[in-house]
Amino acid sequence: MAQNEPRAVDLRIDARFVIPVEPAGALADHALIVDANRIAALLPVAQADREYAARERVALPQHALIPGLVNAHTHAAMTLLRGIADDVVLKAWLEEHIWPREAQFMAPDFVHDGTLLGAAEMLRAGITCCNDMYFHPEAAAQAYEQAGMRAMIGMPILDLPTPYAADADAYLQRGLAARDAFKDSPRLAFSLAPHAPYTVGDDTWRTLVVYARQLDLIVQTHLAETAREVDDARARSHESPLARLDRLGATGPAFVAIHAVHLDARDMDLLATQGCHVVHCPVSNMKLASGIAPVAALLARGVNVALGTDGAASNNRLDMLDEMRVASLLAKVATGDASALPAPRVLRMATLDGAAALGLDARIGSLAAGKEADVVAVRLADVETLPLYDPVSQLVNAAGREHVTDVWVAGERVVAERQLTKIDVDALVGRARMWQARLA
Ligand SMILES: [Zn+2]
């Protein structure tokens, strides 16, 4: 082969702007080269002309390319409960509206259909990876495979019986069986998902910590979501929920604390010294009046903070562009500092920092050579997004998910010109209407 002959590759995407996240900022008129599902190079268009011959080319002259968004906490199956009970306090919301319906309807078909609906919504919003937690993880895994979406799937663990499992050991064994069944799926990973400190007792925490260490699994849990949870815990054992989990050996770099709204200074120091991750869910916390997580104080201590939507029943959107904007605004209100959580920082939380929380940052989260090609195109040339002075600011503060046009997961185009390529949308809409009739 002659020295200057262009290298044959699978795909070349030319974009007006590329926002790789690392390094921060936007590159003008660059091409992203994808080969064998991975990013081969990110380089100026003229250089790409000389060095690469792509079998497929996509020109996006009005768009910004960004890494796929990482939704670091959701319950995708609960998309079927979107809007079923709004403007209700958390306790009544759970006890009167959510749990009774789950008790009656929760089964593999509910989880599959709800997860597929959530995956369809997320992919069209530029979310290429989510961290899920719900019953019947095997049915969720099947839906993500169908959609072509990447997911970290939590194996749920509770000390309470549900139609899914009778006791903690049954939850664990069912979850591990699901993990085993999908061990050859390159886009899926599994974690341990004890629901919360108040629904999982000490013995179960000790057991699952052993499993986590032996199987090298992430442990994710809802933590300190409400003031009441923390008050009850202190009344019972004179320690914060996080201090208790630390005493039981759960904390460390593979521990993901979801919500983390009601933390004291010692909790925050503990999260930092143990290298734990936090998932901030601002819209869910606002909707359920749970409070405001101390994001600026966590970041100041060096804690990695990711972003999540939570389930659609408490959001009601699985929309990380919306979540980024709200996170940025809420941080400003909470601190009285208009410079808190600027656009590049919040975009990093929604991509690379989310990937880090899931232990996936070597594989996804930025547009860097060698990473798997999870890529999203956002059109920034419509009336809502012009004039365009700063693509990163525009993305976070002005663009909406309706401006997402194309999405690739591991180099596969799963959304093309706003159309889902792997999901039968008519059939999915029919299933959503069927569930609406049954659940109402
Ligand atoms: Zn949740």
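We now turn to the structure provided with this report. Treat the numbers as computed from the prediction; the structure is a model and nothing was measured. (Residues numbered from 1 in each chain as written. Predicted model: local features only at pLDDT ≥ 70, side-chain atom pairs only at ≥ 80, totals over all residues. Heavy atoms only, no water.)

Some details on the coordination of the zinc ion
Donor atoms from the polypeptide that coordinate the zinc ion comprise His-73 (NE2), His-75 (NE2), His-222 (NE2) and Asp-310 (OD), at 2.1 to 2.4 Å from the metal. Geometry at the zinc ion is irregular, judged from its four donor atoms and the angles of 88 to 173° they form at the metal. Read in sequence order, the donor residues for the zinc ion give the motif H-x1-H-x146-H-x87-D. Comparing His-73 with His-75 shows no difference in burial state: the two are buried. (Donors = N, O, S within 2.8 Å, 3.2 Å for Na, K, Ca; no water. Tetrahedral: all angles 85-135°; square planar, octahedral: opposite > 155°, others 65-115°. Buried < 20%, exposed > 50% of the residue type's maximum accessible area, 1.4 Å probe, protein only.)

So, helix α6 (residues 202-215)
For α6, built from 14 residues, the straight-helix expectation of 20 Å at 1.5 Å per residue is met to within 8% by its first-to-last C-alpha distance of 20 Å. Buried-residue contacts for α6 involve β7 (150-157), α5 (168-181), β8 (188-194), β9 (219-223) and α8 (241-247). One or two positions beyond α6, positive phi appears at Asp-216, with a value near 55°. (Helix = DSSP H or I, 4+ residues; strand = E, 2+ residues; numbered from the N terminus. Expected span 1.5 Å × (residues − 1). Contact = heavy atoms within 4.5 Å.)

Brief notes about the nonpolar core
Nonpolar side chains in soluble globular proteins tend to end up buried together. Grouped together as the largest cluster of nonpolar side chains are 117 residues, with contacts concentrated most on Phe-110 and Tyr-144. Element by element, the count of residues in this core is highest for helix α3 (residues 108-124), at eight residues. Filtering out sequence-adjacent residues up to four positions away, Phe-110 remains in contact with Ala-77, Leu-80, Leu-81, Phe-105, Tyr-134, Trp-435 and Leu-439. (Core = buried A, V, L, I, M, F, W, Y, C linked by side-chain atoms within 4.5 Å.)

Comments concerning the pairing of strand β2 (residues 27-35)
Side-chain positions along a regular strand alternate between the two faces of the sheet. Pairing between strand β1 (residues 7-18) and β2: seven bridges, direction antiparallel. Its bridge partner lying in β2, Ile-13 is registered against Leu-32. Pairing analysis gives six bridges linking β2 to strand β3 (residues 38-44), with the strands arranged antiparallel. Bridge assignment links Val-34 to a residue of β3, and that residue is Ile-39. Connecting β2 to the antiparallel partner β3 that follows it, the hairpin turn spans two residues, and Ala-36 within it adopts a positive phi of roughly 50°. (Pairing = 2+ DSSP bridges.)

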